Amino acid sequence: QVQLVESGGGLRQPGGSLRLSCAASGSIFSIYTMGWYRQAPGKQRELVAVVTSGGNTNYADSVKGRFTISRNNAKNTVYLQMNSLEPEDTAVYYCNMAIATMRARFESTYWGQGTQITVSS
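Residues numbered from 1 in each chain as written. Predicted model: local features only at pLDDT ≥ 70, side-chain atom pairs only at ≥ 80, totals over all residues. Heavy atoms only, no water.

What follows covers the overall build of the chain. On a plain count of helices and strands, the chain comes out with zero helices and eleven strands. Counting from the amino terminus, the chain carries its helices and strands in the arrangement β-β-β-β-β-β-β-β-β-β-β. Over its C-alpha atoms the chain spans a radius of gyration of 14 Å, differing by no more than 12% from the 14 Å that the globule rule assigns to 121 residues. Along the longest, intermediate and shortest principal axes, the C-alpha atoms of the chain span 50 × 25 × 25 Å. In the chain, which comprises 121 residues, the share counted as buried stands at 40%. Long-range contacts, defined here as pairs at least 24 residues apart, represent 57% of the contacts in the chain between residues at least 6 apart. With 11 positive and 7 negative side-chain charges, the chain shows a separation of 10 Å between the mean positions of the two kinds. (Helix = DSSP H or I, 4+ residues; strand = E, 2+ residues; numbered from the N terminus. Rg over C-alpha atoms; globule rule 2.2 N^0.38 Å. Buried < 20%, exposed > 50% of the residue type's maximum accessible area, 1.4 Å probe, protein only. Contact = heavy atoms within 4.5 Å. Lys, Arg positive; Asp, Glu negative; His and termini not counted. Charge placed at Lys NZ, Arg CZ, Asp CG, Glu CD.)

Quick look at the structure:
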């Protein structure tokens, strides 16, 4: 069993900052890609940022220059530093990891429970 637990959501004013964390636990053999997605009310879930096991990153155009994704492999954790927040960033944010378990040595996709971020004055 693998679990992803997110933390760090909340309410911020425009221009503010927030840091999300997502830690994986369980019978983990290896973690490949880690990423963050978000879903705003009435919209489809969209990719925010992703980081590969080699450290390569990719961002949605809407967050480039404002958000930074990073990972700590020793802690099985991915972070999303969000600066210069805008009202358009309001959404539920989900972490996503491609994980191979000790039992099944092939990668499967796992999701966090989601954390609400609201940007409003």
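From this point on, the discussion continues.
Moving on to the side chain of Ser 21. When you line up the elements, Ser 21 lands in strand S3 (residues 18-26). For Ser 21, a relative accessible area of 18% corresponds to the buried category. In contact with Ser 21, not counting residues within four places along its chain, are Val 5, Glu 6, Ser 7, Trp 36, Val 78 and Tyr 79.

Another aspect to go through is unusual backbone geometry. We note that Asn 76 has phi near 50°; this positive angle belongs to a residue other than glycine. Mapping Asn 76 onto the fold places it in the loop between strand S7 (67-72) and strand S8 (77-82). The backbone phi angle of Ser 84 is positive, close to 50°, even though this residue is not glycine. Take Ser 84: it is sitting in the loop between S8 and strand S9 (91-101).

Let's shift gears to the sheet that holds S3. Read from one edge of the open sheet, four strands run S1-S3-S8-S7, paired in antiparallel fashion. The two strands at the open ends of the sheet, each matched to only one other strand, are strand S1 (2-7) and S7. Ignoring which end each strand starts from, the neighbouring axes of this sheet average 15° apart. Alignment of S1 against S3, held across six bridges, turns out to be antiparallel. Bridged to Gln 3 within S3 is Ser 25. (Pairing = 2+ DSSP bridges. Axes fitted to C-alpha atoms, helices over the stretch in contact; angles between N-to-C directions.)

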